[in-house]
Amino acid sequence: MTYQRGVDDMNPAIEAEVVVVGGGPAGITAAIAAGRLGAQTVLIERYGFVGGMSTAAMVYPWMTFHTDSGEQVIKGIAQEIVDRLQASGGSPGHLRDTVGFVHTLTPYHPEIYQVVATDMLREAGVKLLLHSFVDEVMTRDGVIYHVVVTNKSGRTPVTGRIFVDCSGDADVAKLSGAETLQGREGDNRSQPMTMKFRMRGVDLHKVKAYMISHPEEFYSKTPIAELPDLPLTGVSGFYSQWKRAEVPINRDQVLFFAGPADDEVLINCTRVQGLDATSAEDLTLAEQEGRKQVLLMAEFLKRDVPGFERTSISAVAPQIGIRESRRIKGYYQLTQEDVVEGRKFSDVIARSGYPIDIHDPSGKGVTASFIAGDGAYDIPYGCLLSANVSNLLAAGRCISTSHEALATTRLTPSCMATGQAAGTAAALAAAAGVKPQALDIPQLQEQLKRDGVVL
């Protein structure tokens, strides 16, 4: 006798007005924004905790809330999270970036972040579903009617008026039949994946002393002259040690960030290239290769880098970090020119001061393009709107951009900002009984500004 689970075996539906899929930095702010505006909101997350790449992949620190001149352009719920982390002992707030790539970075404790985020979701009245994976989307005539969640309880439809894809990989968009893009033009290759890990026992005073006495070994914008008066937050360099060691990882320097503990660093050095983050088989290979590279990096650092003599691995990320995969095709596609020229848009819903930061999909280096004008660019509302599914918004890594522009919008504070915008738009659209494309843009912008967003 055979048995096949079907439609009749579905659990009773969960009904909502706004359904947010993906509990990472974008999904958290999207759900909080929608819930605070009174929308009946459900947040679906595949892991047993929220935080997305910040927790599951140990992406650390958050970069950046500011322009290169130090003007803060990302506030709103994102800044509220930082404030509450500071009050809980989970972050020192915004500090100078001693790599010198951006003006500030924001260290945080991932375990405290998870608790702060879930507290804020509960306060906003959001229904949170953990250990839940969306594997089906019911769409008719370009409108999503429900998503199907699979978890320990079985399969459950979740209905909604507006859906927000914060999956990072545009999973809801893909399952709904929405148009999506992937990688760079030509060969569709994406930025490499990285397995992050932490080491304890680092003598950061010794690291800083070496930097001050060997400035030529570090990134050209490192504020060497200011280092005696700054807490060491990040390091990019150790060029000669890396070159001599010939570690079989395709990169050209060592990169790590201090914290959260005083003797602890987060290593951002492994590099897994040529694999597709939307393929289960490729992800399986990436996870294995990433962990092998972690051991190679730890051995090199302990043997060759001043200050690491007594270190050991203290944590490895539960999953490999993904910089780029699928993204939606939206009403507007943000371009490299938009970013570097600091373009302004009449339908702006967020701003960012992070430069374009492309980790080469096949080579060793990183290509950076900095922002002209006042040091910030606008993200227009059209980047959040699916081109062909009328009640679908996107936020975070999978908004509508070119491969090059994604190399800035993918950063965590930018994801938080687009998340708040998408959640706000979803709640307003649901309340007005209109599709997100028909939403009054000035009304959306006024609500965002009332909620602390810088436009």
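Predicted, not measured: the structure shown is a model, and the values here were computed from it.

**A few points about the overall build of the chain**
Along the backbone of the chain there are eleven helices and 22 strands. Expressed along its principal axes, the backbone C-alpha trace of the chain runs to roughly 65 × 60 × 45 Å. Across the 455 residues of the chain, 59% fall into the buried class. Across the chain, contacts joining residues at least 24 apart in sequence account for 72% of those joining residues at least 6 apart.

**Some details on the packing of helix 1 (residues 25-36) against helix 2 (residues 76-87)**
Helix 2 packs onto helix 1 with a crossing angle of 105 degrees between their chain directions and a minimal axis gap of 10 Å. Classified by the angle their axes make, helix 1 and helix 2 are roughly perpendicular. Taken together, the residues of helix 2 that come into contact with helix 1 (itself represented by Ile28, Thr29, Ile32, Ala33 and Arg36) are Ile77, Glu80 and Ile81. Classifying every residue of the contact of helix 1 with helix 2 gives five nonpolar, one polar and two charged.

**Here we look at the sheet that holds strand 14 (residues 254-258)**
The strand order 13-14-15-12-16 describes an open sheet built from five strands, whose pairing is antiparallel. Taken across any chain shown, the strands that pair with only one partner, and hence form the sheet edges, are strand 13 (234-237) and strand 16 (312-316). Sheet twist, expressed as the mean angle between neighbouring strand axes with direction ignored, is 30 degrees. As paired elements, strand 12 (residues 197-200) and strand 16 share four bridges and run antiparallel to each other. By the bridge assignment for strand 16, Met199 is matched with Ile313.

**Quick look at the packing of aromatic side chains**
Counted by the stated rule, this structure contains 15 aromatic pairs. With 5.4 Å between their ring centres and 5 degrees between their planes, Tyr47 and Phe49 make a pair best called stacked. Classification of Phe49 by relative accessible area gives partly exposed; the value is 23%. A ring pair is formed by Phe256 and Phe308, whose centres lie 5.2 Å apart and whose planes are at 75 degrees; its orientation type is edge-to-face.

**Observations concerning the sheet that holds strand 2 (residues 18-21)**
Spatially, the five strands line up as an open sheet ordered 6-3-2-10-22, and their pairing is parallel. The sheet is open, and its two borders are formed by strand 6 (127-129) and strand 22 (392-394), each paired with just one other strand. Put simply, the sheet's adjacent strands are angled 20 degrees from each other on average, direction ignored. Looking at chain direction, strand 10 (residues 162-165) and strand 22 are connected through three bridges and run parallel. In the strand pairing of strand 22, Phe163 is matched with Leu392.

**What to know about the packing of helix 1 against helix 3 (residues 110-123)**
Viewed as axis vectors pointing N to C, helix 1 and helix 3 meet at an angle of 25 degrees, and their least axial separation amounts to 9 Å. Relative to helix 3, helix 1 is oriented roughly parallel. Relative to helix 3, the crossing made by helix 1 is left-handed. Two secondary-structure elements touch here, helix 1 through Pro25, Ile28, Ala31, Ile32 and Arg36 and helix 3 through Tyr113, Ala117, Met120 and Leu121. Looking at the contact of helix 1 with helix 3, its residues break down into eight nonpolar, no polar and one charged.

**Remarks on helix 1**
Given a rise of 1.5 Å per residue, twelve residues ought to cover 16 Å, and the 17 Å separating the end C-alpha atoms of helix 1 matches this to within 8%. In terms of residue burial, helix 1 counts as a mostly covered element, since eleven of its twelve residues are buried. Every buried residue belonging to helix 1 is among Pro25, Ala26, Gly27, Ile28, Thr29, Ala30, Ala31, Ile32, Ala33, Ala34 and Gly35, and all of these are buried. In the segment just after helix 1, Gly38 is the residue with positive phi, at about 95 degrees.

**Some words on the pattern of salt bridges**
The final tally for this structure, using the stated rule, is 24 salt bridges. With a closest N to O distance of 3.6 Å, Glu179 and Lys329 form a salt bridge. Of this pair, Glu179 sits in the loop between helix 4 (171-176) and strand 11 (180-182) while Lys329 sits in the loop between strand 17 (326-328) and helix 8 (336-340), and the two are 150 residues apart along the sequence. A single salt-bridge network, built from bridges that share partners, covers Arg36, Glu80, Arg84 and Glu123.

**Comments concerning the nonpolar core**
Ranked by internal contacts, the top residues of the largest apolar core, which has 119 residues, are Phe308 and Leu393. Top element by residues in this core is helix 10 (residues 412-432). It accounts for eleven residues. With residues near it in sequence (within four places) discarded, Phe308 still touches Met199, Val202, Val207, Phe256, Val265, Ile267, Leu301 and Lys302. Ranked by size, the runner-up nonpolar core spans 23 residues in total, among them Val147, Val149, Val172 and Ala173.

**Here we look at unusual backbone geometry**
Omega for the peptide link from Tyr60 to Pro61 comes to -10 degrees, which places this bond in the cis form. As for its placement among the helices and strands, Pro61 is situated in the loop between strand 3 (41-44) and helix 2. Each neighbour pair has its own omega, and for Met63 with Thr64 the value is -10 degrees, a cis peptide bond. Here Thr64 shows up in the loop between strand 3 and helix 2. Not every positive phi belongs to a glycine, and Ala170 is a case in point at roughly 55 degrees. By secondary structure assignment, the location of Ala170 is in the loop between strand 10 and helix 4. Among the residues examined, Ala170 registers a relative accessible area of 0% and is labelled buried. If you check the backbone angles, Phe238 has positive phi at about 55 degrees while not being a glycine. Along the chain, the position of Phe238 falls in the loop between strand 13 and helix 6 (239-245).

Rules of the game
- Here the residue index of a chain counts from 1 through its sequence in written order.
- Under the rules for a predicted model, residues below a pLDDT of 70 receive no local features and side-chain atom pairs below 80 are neither given nor counted, while totals for whole chains, interfaces and linings still include all residues.
- Side-chain metrics rest on all non-hydrogen atoms present in the structure, leaving aside hydrogens and water.
- Strands here mean DSSP runs of E at least two residues long; helices mean DSSP runs of H or I at least four residues long; both are numbered from the N terminus.
- Exposed residues in this analysis have more than 50% of their type's maximum accessible area, buried residues have under 20%, and partly exposed residues fall in between, with area computed by a 1.4 Å probe over protein chains only.
- Contacts between residues were defined by any pair of non-hydrogen atoms, one from each residue, lying within 4.5 Å.
- To get an axis, a line is fitted to the C-alpha atoms, and for a helix only the part in contact is used. The angle between two axes follows their N-to-C directions and goes from 0 to 180 degrees.
- Throughout, the term roughly parallel applies to angles under 35 degrees, roughly antiparallel to angles over 145, roughly perpendicular to angles from 65 to 115, and oblique to all others.
- Residues were grouped as follows: Ala, Val, Leu, Ile, Met, Phe, Trp, Tyr, Cys and Pro as nonpolar; Asp, Glu, Lys and Arg as charged; and all remaining residues, including Gly, as polar.
- For two strands to be treated as a pair, DSSP must find at least two bridges joining them.
- Ring geometry is summarised as follows: Phe, Tyr and Trp rings, the Trp one being its six-membered ring, pair when their centres sit within 6.5 Å, and such pairs are stacked at plane angles under 30 degrees, edge-to-face over 60 and tilted between the two.
- In this scheme, a crossing is called left-handed if the near helix is turned counterclockwise away from the far one by less than a right angle; it is called right-handed if the turn is clockwise.
- Expected helix span is given by 1.5 Å per residue-to-residue step, counting one fewer step than there are residues.
- One side-chain nitrogen of Lys or Arg within 4 Å of one carboxyl oxygen of Asp or Glu is enough to make a salt bridge.
- For this analysis, a nonpolar core means a set of buried residues of the types Ala, Val, Leu, Ile, Met, Phe, Trp, Tyr and Cys, connected via side-chain atoms within 4.5 Å.

Nothing here speaks to function; it is all geometry.
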